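Chain and residue survey
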Amino acid sequence: MFSIATLRREWLANPRADILAGIVVALALIPEAIGFSIIAGVDPRVGLYASFSIAVIISLVGGRPGMISAATAAIAVLVLPLIQQHGVDYLFAATILMGIVQVIAGFLRLNLLMQYVSRSVITGFVNALAILIFIAQLPELTGVPMLTYVLVAAGLGVIYLLPRLTKAVPSPLVAIVVLTVIVYYVGLDVRTVGDMGELPSSLPAFLIPNVPFTLETLQIILPYSLTMAAVGLLESMMTAQIVDDLTDTGSDKQREMKGQGIANFATGFLGGMGGCAMIGQSVINVKSGGSTRLSTFVAGMFLLFLIVVLGPLVAQIPMAALVAVMIMVSIGTFSWRSIKDIRHHPWQSSVVMIVTVVIVVWTHDLAQGVLAGVILSGLFFASKVKRLFTVDSSLSADGNTRTYKVGGQVFFASSDAFVAAFDFKEVLDTVIIDVSAAHFWDISAVGTLDKAILKFRRDGTKVEIIGLNEASATLVDRYAVHDKPGAEAQLGGH
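Residues numbered from 1 in each chain as written. Predicted model: local features only at pLDDT ≥ 70, side-chain atom pairs only at ≥ 80, totals over all residues. Heavy atoms only, no water.

1. Some details on unusual backbone geometry
To keep things clear, this is the line we draw: Helical segments are the DSSP runs of H or I of at least four residues, strand segments are the runs of E of at least two, and each set is numbered from the N terminus. Only protein chains enter the accessibility calculation, which uses a 1.4 Å probe; a residue whose area is less than 20% of its type maximum is buried, one above 50% is exposed, and one in between is partly exposed.
Not every positive phi belongs to a glycine, and arginine 109 is a case in point at roughly 60 degrees. Even without glycine at this site, aspartate 248 takes up a positive phi of about 55 degrees. Relative to the assigned elements, aspartate 248 resides in the loop between α9 (215-247) and α10 (253-268). The exposure class of aspartate 248 is exposed, given its relative accessible area of 70%.

What follows is the structure, encoded as structure tokens:
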């Protein structure tokens, strides 16, 4: 419930730092939003309006204070075919439907799927994103005059040296202002924000996408909306976890999912493209002192103020200043410790991290890299659990009864080892399978138990199962066929 204490904690804990951080983020958002609009093949105002709308709305309804959400490249690359084939109005409709899907995902608590993303995958995601942020600056650093490199170096010098003198003002903001003043008054011929594209001069207006309200339209936009929603939520949940770690605070990820949906839903009606959380801008915000909803709100509102009111002034900002800020973000985002940890961590963890980095950087697709990392983590985990499986046996004094003691987890990966542990050629009257130290997880495990029992019975050996825990017993009672008529025939299709 909203209260004065919540207002102070989530909005007014450190207003001065949050406002200054929001201003820095707003300045850094402009070229990125324009760049993402170019990637998507739409007017720059589509990306700029989206960044304003998403940032402001998520500051009100999101679940991770201090995290920045706006138009992103991850979403922009997905919608290019839709825009080329059907036009920009279909993009707005797909963005609205994307929001609906994300709100539904929030109610379904799909945020809990983050529990299956290992720390190695998150580290790989962070490192890959840091590399991509740096790579994204290369067009501004290739084929340019030497003066550009001098300005970038000067910007980095201000960013890293100023905090040693004072932290009263975020050093990235000072770097942007100082370089802009130098370039403008000295009249240096370098690339500026104005060269990226024309800035809008009017406020965003409410609109209803000009598309037919038919089933055919739904069939066109639904695949795009589902993909946009999935990628947006994945990147937002990962970024929320990273900001949690940076600030040593928790977040409500279910609320964040719903908030992302609400923000995208509303943005579609304002002529904006879909977006999600941005790790680069979120790191800028946190490093500049932003930690509450106020910083995100200021970023969105000041962005609108910059492009509508101060457009001509903003157009004079040299791209070298913003490149310096993004290089700082890249350096600060990369987990340098993870390189040293490769020698000390289990090799499986290092492989997962490296594979995640390679696939994300190679494909420029965060979802593919994270999916590969999660699958690889699952395979390594299954392999590890499989090795914990044990079977010991002992023969009775009269030589007629053998007791097999099964320990560990019996599931699809250990089912072959389960069957291989029994000696079906040994002539016995009775076999006792003691599973008091084991757990049966799936129908593959139950099918394996059926197979072992029927193999013993086929040779006239009596089989007793003892020690099933409650969960395993329920699974066996429901799916096992060894005590049912026609068990041999049923096992063939089990």
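Picking up after the structure, the text goes on.
2. Let's talk about the packing of helix α8 (residues 171-186) against helix α14 (residues 319-333)
Selection rule: Axes here refer to lines fitted to C-alpha atoms; in helices the fit is confined to the stretch in contact. Angles between the N-to-C directions go from 0 to 180 degrees. Throughout this description, any angle smaller than 35 degrees is read as roughly parallel, any larger than 145 degrees as roughly antiparallel, any in the 65 to 115 degree range as roughly perpendicular, and the remainder as oblique. Crossing chirality is assigned from the near helix's rotation relative to the far helix, an anticlockwise turn below a right angle marking it left-handed and a clockwise turn marking it right-handed. Residue contacts follow a heavy-atom distance rule, with two residues in contact if any of their heavy atoms lie within 4.5 Å. Note that Gly is not counted as nonpolar here; it falls among the polar residues with everything else outside the nonpolar set of Ala, Val, Leu, Ile, Met, Phe, Trp, Tyr, Cys and Pro and the charged set of Asp, Glu, Lys and Arg.
Where α8 contacts α14, the two axes come as close as 9 Å, and the packing angle between them is 160 degrees. The pairing of α8 with α14 is recorded here as roughly antiparallel in orientation. Considering the relative orientation of α8 and α14, their crossing is right-handed. Facing Pro172, Ala175, Ile176 and Leu179 of α8, the residues of α14 in contact are Ala321, Leu322, Val325 and Met328. Here the contact of α8 with α14 is built from residues that sort into eight nonpolar, no polar and no charged.

3. Topic: helix α4 (residues 73-86)
Given 3.6 residues per turn, any residue in an α-helix points the same way as the ones three and four places further on. Applicable threshold: Helix span is expected to be 1.5 Å times the residue number reduced by one. One fitted axis covers the seven residues ending at a residue, a second covers the seven starting there, and the bend at that residue is the angle between these axes.
Between its first and last C-alpha atoms α4 spans 20 Å; for 14 residues at 1.5 Å apiece the expected length is 20 Å, and the two agree. The axis of α4 is deflected most strongly, by about 40 degrees, at valine 79, and proline proline 81 appears within four residues downstream. Following α4 by one or two positions, glycine 87 adopts a phi angle in the positive range, close to 105 degrees.

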